[in-house]
Amino acid sequence: MSIYDTLNDKQKEAVEYTEGPLLILAGAGSGKTRVLTHRVAWLIDELGVNPWNIMAITFTNKAAGEMRDRVDQLVGYGSESIWVSTFHSTCVRFLRRHSDRIGYDTNFTIYDTDDQKTVIKDVCKRLQIDTKQLKERTIMNAISSAKDELITPEQFYLNAAGDYQQKRIAQCYMEYQATLKKSNAFDFDDLIMKTVELLKNNEDVLEGYQRRFRYIMVDEYQDTNTAQFELIRLLAGGYRNLCVVGDDDQSIYKFRGANIRNILDFESVYPEAKVIKLEQNYRSRGRILDAANAVISHNIGRKEKALWTDKGEGEKIHFIQFDTAYDEADYIIKDIRQKVQEQEKRYDDFAVLYRTNAQSRLLEERCIFAGVPYNVVGGTNFYSRKEIKDVLAYLKTIDNGRDDIAVKRIINVPKRGIGATTINKVQDYADLHEISFFQALEEADRIPTLGKAGVKLEPFVTLIRSFRTKAKEYGLGRLMQDILDTTGYLAYLEESEEEDAEDRIENVDELLNKMIDYEDSAEEPTLSGFLEEVALVADIDSVDGSEEKVLLMTLHSAKGLEFDHVYLAGMEDGVFPSYMTITGDDPSEIEEERRLAYVGITRAMEHLSITCARQRMIHGQTQYNMISRFVREIPEELLDHKLPSKKHPEWEEAAFKKPLVKAVVRPKTTQAEAKPFLLRSAQTMSKPAAAPTKEGAGTLGYGVGDRVKHMKFGEGTVMQIDPGTRDYQVTVAFDTAGTKIMYAGFAKLQKI
DNA sequence: CGTACTAGTCTTTTT
DNA sequence: GACTAGTACG
C-alpha cells in the first residue's frame with residue numbers, strides 16, 4: 001500500500017504529471033493541498049529529485065509551514081531543503097543576496113503601509129500637492145497598482161499623456177521611488193517588482209536560479225498579479241516544469257492587483273500546458289455544496305466546473321434574520337456555547353465569518369459576555385501598534401542608518417526636546433548635501449541654523465552609535481532589552497498616565513519574546529532577518545488551529561481553512577455585497593464579492609448558518625439593510641426557513657420610510673427580544689424600522705425648548721437645532737456645564 | 001516645544 | 001464610534 005493509493009484518479013494524474021507546464025483547476029475542498037504535498041513527495045521519492053531543486057510558493061507563511069510539515073510526514077527527510085515560502089519572502093531572499101545589482105544595499109529595510117504613507121506625505125509637501133484635491137491614499141493606490149503591473153515611474157508618466165492628475169501622480173511616484181532608494185528601503189510591491197527587475201537585467205543571476213529550481217509549484221494561483229506571474233515565468237523559463245494550482249471561483253484579491261486572467265489565460269501563455277480539473281469535494285455536505293454552486297453560477301466568464309460530493313446531503317442551511325446586529329451576535333455566540341455544552345463539540349469546530357473587520361467588535365463583546373473563548377484574526381495588526389513600531393524603529397535605525405523614517409520616528413521618543421523645527425532644519429541640511437538624515441545628525445555641529453537645539457542631537461547620535469557597537473557583540477534579545485532600558489522607553493511607558501499603558505508594556509514584552517524566539521529558532525539570526533520576518537507576517541499566520549477557541553475573522557482571512565460549523569454573519573446588501581460595489585458601476589466587482597460568498601460557504605463541512613440583521617451601526621450611523629442578494633441566490637429548498645417574499649416585503653418596504661427614534665437609542669436587548677424574526681408576530685414585524693440616509697428632525701425625539709439629558713454634561717435645555725451636512729447640530733444650554741453645540745448623533749441626548 | 005482640543009475621515013478586503 | 005491630522009494655546 002503506497003501513500004498514493006488514497007488519491008483519486010484525477011489527483012493521482014496531477015501528482016504524476018511532473019514534466020512541463022500543468023494547470024490544476026482545483027475546486028474548493030478538492031484536496032489541492034494533498035495533491036501538492038504528494039506531488040513533492042513523488043518528485044523526491046519516486047523520481048529521485050533533489051529537494052533542493054524544488055520550489056513551492058504559497059500564499060501565507062502558515063500555508064508554507066503546513067506544506068513543509070506534511071511533506072515531512074510523507075517523505076521523512078529532505079523537506080527542510082525544499083524552498084517553500086510566500087512570494088514576498090522568496091523575493092526578500094533573492095534581494096538580500098543580490099540587491100546590490102540594482103543599486104540597493106543588501107541590508108535594506110521593508111516599508112509597511114504606514115511608512116509608505118509617511119513618505120507620500122513628505123513627497124506631497126515637497127511637490128506642493130494639495131492633499132485635499134489629490135488624496136495620499138489615491139496616490140498610494142495608484143503607485144501600488146502600477147507596481148503590480150510592473151509599470152515604472154517613467155512609463156507611468158508617459159501613460160499619463162495629457163491627464164494633469166495622472167501626471168501629478170507620476171511625479172509623486174518618481175519622487176517616492178527616489179526617496180525609498182535613498183532610504184535603502186523597499187515597499188511590499190517593490191519586493192516583487194524589483195526582483196523581476198533584478199532577474200531581467202542580470203542574466204547570470206536568473207540562469208543560476210533557473211538551473212536550481214527544476215520544479216516550481218504555485219498555490220492559490222488565481223490570486224497572483226502580473227508582477228508575480230512574470231516572476232514565475234522567469235524562474236520557470238529554463239525547465240518549464242511549472243505547476244500552478246488555483247480556482248478562478250476563489251479569486252478574491254483583485255483589489256490587490258490579482259489578475260484573474262493569469263489563470264484564464266494560462267493555456268495561451270503555455271500552449272503545451274496540461275489542464276487537470278479536480279471536481280470532487282471532500283469537505284462539505286451536499287446541501288452546502290449545492291448552495292455554493294448555485295451562488296457562483298451567477299457569475300459569467302468563469303471556467304465551468306461542477307463540484308460534487310458523495311458525502312450525503314447533510315442538514316439544511318440555517319437562515320435567520322434579526323432585528324439588530326446586536327441580536328445577531330448574541331444569537332451566534334449563545335448558539336455556539338449551547339452546542340459545545342450539549343453536543344460533543346469543541347469551540348474550535350466553529351468559525352464566524354464576516355465581510356469587514358469592524359463587524360468583529362460586537363461578536364467579541366458577546367464572547368466575553370458569554371464566556372466563550374475566542375480568537376480574532378486580523379483587525380489591528382500587532383506590528384502596527386504604536387509601541388511596537390517605536391521599538392522596531394530603534395531596531396531599524398540600528399540596522400539601516402539610511403532608514404530616515406525610522407530615525408525620525410524615534411528621535412524624540414521618549415521625549416528628548418527635539419521638535420519639528422529642529423527635524424526640518426536637519427532634513428534641509430541633509431537634502432542640501434545629499435546625505436541621509438542620520439548622517440546629517442552626525443554633522444549637527446556644522447548646521448548653522450540649529451543654534452542651541454543642536455546640542456540635544458549629540459546624545460542621540462551617541463546613543464545609536466553605542467547600540468550599533470553593541471549589536472555586534474550582544475545577542476538580539478539582549479540588544480533589545482538594552483534598548484528598552486538605555487533609551488528609557490520602558491520607563492516612559494511605565495510612567496505614562498494613559499489607560500492602556502499596561503497593555504503596551506505587555507505588547508513590548510511580547511515583542512521581546514518573539515525576538516528571543518526568533519534568535520533561538522533561526523539558523524542564522526540577524527537583525528535584518530528578524531525585521532523582515534516581522535514585516536512579512538500575515539494575521540492568519542499566528543492562528544493556532546489546535547486551540548479550543550472560536551475563530552472570528554473576515555471572509556478573506558478564511559480562505560484555505562475549513563470548519564465543522566460556519567456562521568456567515570451580516571449577510572445584508574450594503575454589508576455583503578458591500579455598499580461600494582452595489583453603488584459602483586463596475587459589475588465585475590459584484591462578481592468578486594460573489595466569489596467571496598462562494599469562499600465563505602465552502603468553508604463549512606457539516607453545518608452552515610447564515611444570519612443578517614435589519615439594523616446595524618456603520619460608521620456611527622444606523623443603517624437598514626435588505627437580505628443579501630447572495631442569500632436569495634441559494635435555492636429555497638436548501639434553507640430551513642423561507643425567505644420573506646421580495647414582492648410585498650412589509651419589512652423591506654419599511655426600509656424606505658422614516659425610522660422610529662427608539663430604534664436609534666437602543667438599550668441593551670434582553671434575551672426575549674432577541675428572537676429571530678421568523679418567530680415574531682406579524683405585528684412586530686410590520687413595525688417600520690428604517691431609514692433614509694439622514695435622520696429627520698422629527699426623529700431626534702426632542703425639539704427646541706425641550707429638557708434633555710447628556711451623559712457627561714447632565715441636564716439642560718435645547719436652544720437651537722440646525723441641519724448640518726451630515727447630522728443635526730444641536731445647541732444645548734446645560735444647567736451646570738454651560739452652552740454646547742454638538743452633533744445629534746454623537747451627543748445621544750435623551751428627552752426628560 | 002509640547003499639549004489639548006477640534007475637525008475630518010473612515011472601512012471592503014491584505015502580503 | 002474611533003482614529004488621526006491639524007491647529008490653537010500655554
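Residues numbered from 1 in each chain as written. Chains lettered and ligands numbered in written order. Predicted model: local features only at pLDDT ≥ 70, side-chain atom pairs only at ≥ 80, totals over all residues. Heavy atoms only, no water.

(A) Fine view of the packing of helix 5 (residues 113-126) against helix 6 (residues 136-148). Where helix 5 meets helix 6, the closest approach of the two axes is 10 Å, and the angle between their N-to-C directions is 115°. Relative to helix 6, helix 5 is oriented roughly perpendicular. Note that helix 5 runs across helix 6; the crossing there is right-handed. Taken together, the residues of helix 6 that come into contact with helix 5 (itself represented by Thr 113, Gln 116, Lys 117, Ile 120, Lys 121 and Cys 124) are Glu 136, Ile 139, Met 140 and Ile 143. Counted by class, the contact of helix 5 with helix 6 contains five nonpolar, two polar and three charged residues. (Axes fitted to C-alpha atoms, helices over the stretch in contact; angles between N-to-C directions. Helix = DSSP H or I, 4+ residues; strand = E, 2+ residues; numbered from the N terminus. Parallel < 35°, antiparallel > 145°, perpendicular 65-115°, else oblique. Left-handed = near helix turned anticlockwise from the far one by under 90°. Contact = heavy atoms within 4.5 Å. Nonpolar A, V, L, I, M, F, W, Y, C, P; charged D, E, K, R; others polar.)

(B) Seen up close, helix 11 (residues 226-235). Extensive coverage of helix 11 is indicated by the burial of eight of its 10 residues. Taken as a whole, helix 11 has its buried residues at Ala 227, Gln 228, Phe 229, Glu 230, Leu 231, Ile 232, Leu 234 and Leu 235. (Buried < 20%, exposed > 50% of the residue type's maximum accessible area, 1.4 Å probe, protein only.)

(C) A look at the sheet that holds strand 1 (residues 22-26). If you walk across this open sheet you meet the six strands as 3-2-6-7-1-8, and the pairing is parallel. Each having just a single partner strand, strand 3 (83-86) and strand 8 (274-278) make up the two edges of the open sheet. Neighbour to neighbour, the strand axes of the sheet diverge by 15° on average, direction disregarded. (Pairing = 2+ DSSP bridges.)

(D) A look at the protein's contact with DNA strand B. As a structural note, the neighbourhood of DNA strand B is formed by 27 residues, with Arg 137, Arg 355, Thr 421, Thr 422 and Met 580 the closest of them. The sugar and phosphate moieties of DNA strand B supply 62% of its atoms located within 4 Å of the protein. Arg 256 has a polar side-chain atom sitting 3.4 Å from a sugar or linking oxygen of DNA strand B. Thr 554 is positioned with one of its side-chain polar atoms (N or O) 3.2 Å from a phosphate oxygen of DNA strand B. Within the surface near DNA strand B, the residues separate by chemical class into seven nonpolar, 12 polar and eight charged. (Near = heavy atom within 4 Å. Polar contact = N/O pair within 3.5 Å; in protein donor to acceptor, adjacent residues only side chain to side chain.)

(E) Structural view of the packing of aromatic side chains. Overall, the coordinates contain 18 aromatic pairs when judged by the stated rule. Arranged with centres 5.0 Å apart and planes meeting at 40°, the rings of Phe 266 and Tyr 270 form a pair that is tilted. For Tyr 270, a relative accessible area of 4% corresponds to the buried category. The ring centre of Trp 83 lies 3.6 Å from the NZ or CZ of Arg 93, which sits over that ring. Seen from the ring of Phe 437, Lys 408 lies directly overhead, with NZ or CZ sitting 5.2 Å from the centre. (Phe/Tyr/Trp six-rings, centres within 6.5 Å; stacked < 30°, edge-to-face > 60°. Lys NZ or Arg CZ within 6 Å of the ring centre and 35° of its normal.)

(F) Just a negative patch on the surface, in detail. Among the surface-exposed residues, Asp 69, Asp 72, Glu 80, Glu 523 and Glu 524 lie close enough to one another that they form a single negatively charged patch. Looking at the element boundaries, Glu 524 is found in the loop between helix 24 (501-521) and helix 25 (527-535). Classification of Glu 524 as exposed rests on a relative accessible area of 68%. (Patch = residues over 30% accessible without salt bridge, like charges linked within 9 Å, V, L, I, M, F, W, Y side chains within 5 Å. Areas by Shrake-Rupley, 256 points an atom, 1.4 Å probe, with all protein chains shown as cover. Salt bridge = Lys/Arg side-chain N within 4 Å of Asp/Glu carboxyl O. Lys, Arg positive; Asp, Glu negative; His and termini not counted. Charge placed at Lys NZ, Arg CZ, Asp CG, Glu CD.)

(G) Quick look at unusual backbone geometry. With omega at -10°, the peptide bond leading from Val 413 into Pro 414 counts as cis. You can see Pro 414 is positioned in the loop between helix 18 (404-410) and helix 19 (420-433). Geometrically, the link from Phe 576 to Pro 577 is a cis peptide bond, its omega value of 5° lying close to zero. In the Ramachandran plot, Ala 161 falls in the positive-phi region, its phi being about 50° despite a non-glycine side chain. Mapping Ala 161 onto the fold places it in the loop between helix 7 (153-160) and helix 8 (164-182). Residue classification places Ala 161 among the exposed residues on the basis of a relative accessible area of 52%. The backbone of Glu 220 sits at a positive phi, close to 50°, despite the residue not being glycine. With respect to the helices and strands, Glu 220 occurs in the loop between strand 6 (215-218) and helix 11.

(H) Here's a closer look at the packing of helix 17 (residues 386-399) against helix 25. Two numbers describe how helix 17 lies on helix 25: the axes approach to 10 Å, and their chain directions differ by 140°. On the basis of their axis angle, the class for helix 17 and helix 25 is oblique. Both helix 17 and helix 25 take part in a crossing whose hand is left-handed. On the side of helix 17, the interface is formed by Leu 392, Leu 395, Lys 396, Ile 398 and Asp 399, while helix 25 contributes Leu 527, Ser 528, Phe 530, Leu 531 and Val 534. In the contact of helix 17 with helix 25, the residues fall into seven nonpolar, one polar and two charged.

(I) Local environment of the pairing of strand 3. Bridge analysis of strand 2 (residues 54-58) against strand 3 gives four bridges, and the strand direction is parallel. Looking at the pairing, Met 55 lines up with Trp 83 of strand 3. In this fold, the crossover linking strand 2 to strand 3 by way of helix 3 (residues 61-75) has right-handed handedness. (Right-handed = clockwise from strand over helix to strand, strands pointing away.)

(J) Representation of the environment of Phe 467. For Phe 467, the position within the fold is in helix 21 (residues 457-473). Since its relative accessible area comes to 0%, Phe 467 is described here as buried. Residues Phe 467 and Leu 479 lie 12 residues apart in sequence; the distance between their C-alpha atoms is 7.6 Å. Ignoring sequence-local partners within four residues, the contact set of Phe 467 consists of Ile 398, Leu 479, Asp 482, Ile 483, Thr 486 and Thr 487.

(K) Representation of the environment of Asp 640 in the model. For Asp 640, the position within the fold is in the loop between helix 28 (629-632) and helix 29 (650-653). Between the C-alpha atom of Asp 640 and that of Arg 355, which follows or precedes it by 285 residues, the distance is 23 Å. The residues touching Asp 640, leaving out its near neighbours within four places in the chain, are Lys 316, Ile 317, His 318 and Phe 319. Polar side-chain contacts of Asp 640 include one of 3.0 Å to the backbone nitrogen of Phe 319.

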